[in-house]
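Take a look at the letters that make up each chain.
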Amino acid sequence: MDSVIWDVYEATYQSVAYLRSIGHTNIMYVGDIQLQRGFALRWQAFCQAMNEYGEAIDPALHSTHHRRPEAEWLEELKGQLKRHKPSAIICGIDGEVPLILRLCTQLGLRVPEDVSLIGFLNEQREDSPLPVFTRPLLPIRETGYRAADRMLWRIANPTLPYEHIRIQCEMFVGSTTRTHD
């Protein structure tokens, strides 16, 4: 069976590479890695990128486990942020980005002055109450078009080998990241 996906592995790797390029080494990953296969791939890419930059990964310093009640999870995350004081956070799940931003605000952490934040937003509308996020631009619409094209091609070519197509994203630099000294 053919498949077409946006490449979340590369998007995560690019996010780490960008943060490293602006001086961040203490980068925290936030995202439930058990909920979907793509979320697990984001964590794997984060670990690979950090390892390639010479940073050992201690899973206890990140928030990757299955979400309990939201208030309990946020309280635990608040403790992790206070203890480990990351200079940057990658939030790998769209729906959690506003929660992480709000939690940083509650802790008195200014984004990007105190902590840089990359959010995996499916999209960000101009009328969004969120700041303009630094984020990988996930090519959701383009992937849908490519998948439709692929289905039509497959109907016309049922005996040819299957293909798995990964569409890469670009990094968009918004107002939620800055250079770390």
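To be clear, the structure that these remarks concern was listed above.
Residues numbered from 1 in each chain as written. Predicted model: local features only at pLDDT ≥ 70, side-chain atom pairs only at ≥ 80, totals over all residues. Heavy atoms only, no water.

A. Broad picture of the sheet that holds strand E4 (residues 116–119). Across the sheet, 3 strands lie side by side as E2-E3-E4; this open sheet has parallel pairing. Two strands bound the open sheet, and with one partner strand each, they are strand E2 (27–30) and E4. On average, each strand axis in the sheet is tilted by 15 degrees relative to the strand beside it, whichever way the strands run. Relative to strand E3 (residues 88–91), E2 is paired through 4 bridges, and the arrangement is parallel. Note on E3: the bridge partner recorded for Val30 is Cys91. (Pairing = 2+ DSSP bridges. Helix = DSSP H or I, 4+ residues; strand = E, 2+ residues; numbered from the N terminus. Axes fitted to C-alpha atoms, helices over the stretch in contact; angles between N-to-C directions.)

B. Representation of the state of the cysteines. Across all of its chains, the model carries 0 disulfides by this definition. Looking at the unpaired Cys91, the closest cysteine sulfur is the one in Cys104, lying at 9.4 Å. On the basis of relative accessibility, which here comes to 0%, the residue Cys91 falls in the buried class. Accessibility expressed as a relative area gives 0% for Cys104, which makes it buried. (Disulfide = S-S within 2.5 Å. Buried < 20%, exposed > 50% of the residue type's maximum accessible area, 1.4 Å probe, protein only.)

C. Region of interest: the side chain of Thr177. Among the structural elements, Thr177 can be located in the segment after strand E7 (170–172). A polar contact is formed between the side chain of Thr177 and the side chain of Tyr18, at a distance of 3.4 Å. A distance of 2.8 Å separates the side chain of Thr177 from the side chain of Thr134, its partner in a polar contact. Aside from chain neighbours lying at most four places away, what touches Thr177 is Tyr18, Leu19, Ile22, Pro112, Ser116, Leu117, Ile118 and Thr134. (Polar contact = N/O pair within 3.5 Å; in protein donor to acceptor, adjacent residues only side chain to side chain. Contact = heavy atoms within 4.5 Å.)

D. Up close: the layout of surface pockets. Computed from the structure, the largest pocket encloses a volume of approximately 260 Å³. Forming the boundary of the largest pocket are Leu121, Asn122, Glu123, Arg135, Pro136, Leu137, Leu138, Pro139, Ile140, Arg141 and Glu142. Of all the secondary structure elements, the ones that give two or more residues to the lining of the largest pocket are strand E5 (135–137) and helix H5 (140–156). Considered class by class, the residues forming the lining of the largest pocket number 6 nonpolar, 1 polar and 4 charged. Reported here for the second largest pocket is a volume of approximately 190 Å³. What lines the second largest pocket is simply Ile5, Trp6, Val8, Gln36, Arg37, Gly38, Phe39, Leu41 and Arg42. Every element with two or more residues in the lining of the second largest pocket is listed here: strand E1 (3–6) and helix H2 (37–52). Per-element accounting of the lining of the second largest pocket gives the leading share, 5 residues, to H2. When its residues are assigned to classes, the lining of the second largest pocket shows 5 nonpolar, 2 polar and 2 charged. (1 Å grid on protein atoms, 1.4 Å probe; cavity = no way out; pocket = protein on both sides within 12 Å on 5 of 7 lines; lining within 4 Å. Points joined across faces, edges and corners; volume = space filled by probe spheres on them. Nonpolar A, V, L, I, M, F, W, Y, C, P; charged D, E, K, R; others polar.)

E. Main features of helix H1 (residues 8–21). Over its 14 residues, H1 runs 20 Å from end to end, which matches the ideal 20 Å to within 8%, given 1.5 Å per residue. Turning to H1, its buried residues number three or more, namely Val8, Tyr9, Ala11, Thr12, Tyr13, Gln14, Ser15, Val16, Tyr18 and Leu19. Taken from the residues just after H1, Gly23 is the one with a positive phi, measuring 100 degrees. (Expected span 1.5 Å × (residues − 1).)

F. Expanded view of H2. The first and last C-alpha atoms of H2 sit 23 Å apart over 16 residues, in line with the 22 Å expected at 1.5 Å per residue. Listed in full, the buried residues belonging to H2 are Phe39, Leu41, Arg42, Trp43, Ala45, Phe46, Cys47, Ala49 and Met50. Where the residues of H2 are buried, they touch E1, H1, E2 and E3. Gly54 lies just past H2 and shows a positive phi near 85 degrees.

G. Structural detail: the pairing of E4. Taking every second residue as pointing to the same face, both faces of E4 are buried, with Ser116 and Ile118 on one and Leu117 and Gly119 on the other. When E3 meets E4, the two strands line up parallel, connected through 4 bridges. Bridge pairing in E4 links Cys91 to Gly119.

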